Amino acid sequence: MALMITDECINCDVCEPECPNKAISQGAEIYEIDPDLCTECVGHYNEPQCQQVCPVDCIPLDPDRKESKDELQQKYLKLISAS
Ligand code: SF4
Ligand code: SF4
């Protein structure tokens, strides 16, 4: 599953540089995650790095974006071969 940022985001900027896939960017009002780039950090780290650093805990899994670990691994491999 990709992660999503809820409207509790306080725009603290802490998560953006932590994302190894550059999936996080500033949106119109709050930060956003591009679900096509988020691998739950699979391939890079054991834990989602953005969740680790967010001070207000506003980055849950997106229930509309269910993906298995295998699918996330495939996404990771595609992303590194495209970069
Ligand atoms: Fe980026 Fe990892 Fe957070 Fe996904 S879980 S947005 S890949 S830091
Ligand atoms: Fe928003 Fe949390 Fe990212 Fe800060 S770390 S910008 S509060 S999502």
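Notes on the structure in this doc start here. (Residues numbered from 1 in each chain as written. Chains lettered and ligands numbered in written order. Predicted model: local features only at pLDDT ≥ 70, side-chain atom pairs only at ≥ 80, totals over all residues. Heavy atoms only, no water.)

**Overview of helix H2 (residues 69-82)**
Heads up, the rule is: A run of H or I in DSSP counts as a helix once it spans at least four residues, and a run of E counts as a strand once it spans at least two, with each numbered from the N terminus. Under the convention used throughout, the expected extent of a helix is 1.5 Å for every residue step, that is, one less than its residue count. Residue exposure (1.4 Å probe, protein chains only): buried if accessible area is under 20% of the type maximum, exposed if over 50%, otherwise partly exposed. Arc definition: it is the arc formed by the directions from the helix axis to the C-beta atoms.
Here H2 spans 20 Å end to end across 14 residues, near enough to the 20 Å set by a 1.5 Å rise per residue. Those residues of H2 that sit buried are Leu72, Lys75 and Tyr76. When H2 is viewed along its axis, its buried side chains cluster within an angular range of 100 degrees and face the same direction. Residues Asp70, Lys78 and Ser81 are exposed on H2 and point more than 90 degrees away from its buried face.

**Things to note about the site of ligand 2**
Counted only if it meets this: For this purpose, a residue is taken to be near a molecule or strand whenever a single non-hydrogen atom of the residue falls within 4 Å of it. Amino acids outside the nonpolar list (Ala, Val, Leu, Ile, Met, Phe, Trp, Tyr, Cys, Pro) and the charged list (Asp, Glu, Lys, Arg) are all regarded as polar, and Gly is one of them.
Inspection of the region around ligand 2 gives 13 residues, with Cys9, Ile10, Cys12, Cys15 and Cys54 positioned closest. Here the shell around ligand 2 is built from residues that sort into 11 nonpolar, 1 polar and 1 charged.

**Remarks on the site of ligand 1**
By nearness alone, every residue bordering ligand 1 is listed as Leu3, Cys19, Pro20, Asn21, Ile24, Ile33, Cys38, Thr39, Glu40, Cys41, Pro48 and Cys50. Partitioned by chemical class, the residues of the shell around ligand 1 number 9 nonpolar, 2 polar and 1 charged.

**Brief notes about the nonpolar core**
How we decide: What we call a nonpolar core is a set of buried Ala, Val, Leu, Ile, Met, Phe, Trp, Tyr and Cys residues that are connected through their side-chain atoms within 4.5 Å. When checking whether two residues touch, look at their non-hydrogen atoms; a contact exists if any pair is within 4.5 Å.
Core analysis: the biggest nonpolar cluster contains 15 residues, and Ile5, Ile24, Ile33 and Ile59 have the highest contact counts within it. Those residues in contact with isoleucine 33 that lie beyond four places of it in its chain are Leu3, Met4, Ile5, Ala23, Ile24, Cys38 and Ile59.

**A short note on the side chain of glutamine 49**
Let me state the cut-off plainly: Identification of polar contacts relies on pairs of N or O atoms within 3.5 Å, with a donor-acceptor requirement for protein atoms, meaning one able to donate a hydrogen and the other able to accept it, and with residues adjacent in sequence counted only if both atoms are side-chain atoms.
Tracing the chain through its elements places glutamine 49 in helix H1 (residues 49-53). Side-chain polar atoms of glutamine 49 contact the backbone oxygen of glutamate 47, separated by 2.9 Å. Those residues in contact with glutamine 49 that lie beyond four places of it in its chain are Glu18 and Cys41.

**A closer look at the pattern of salt bridges**
Stated formally: We define a salt bridge as a side-chain nitrogen of Lys or Arg found within 4 Å of a carboxyl oxygen belonging to Asp or Glu.
Within this structure, the stated rule accounts for 2 salt bridges. Taking the shortest distance from any N to any O, the salt bridge between lysine 69 and glutamate 40 comes out at 3.6 Å. Taken together, the residues lysine 69 in helix H2 and glutamate 40 in the loop between strand S2 (31-33) and H1 connect sequence positions 29 residues apart. Judged by relative accessible area, which is 54%, lysine 69 ranks as exposed. Of the charged contacts in the structure, one is a salt bridge between lysine 75 and glutamate 67, with a shortest N-O distance of 3.0 Å.

Take it as geometry only, folks, not as evidence of what the structure does.
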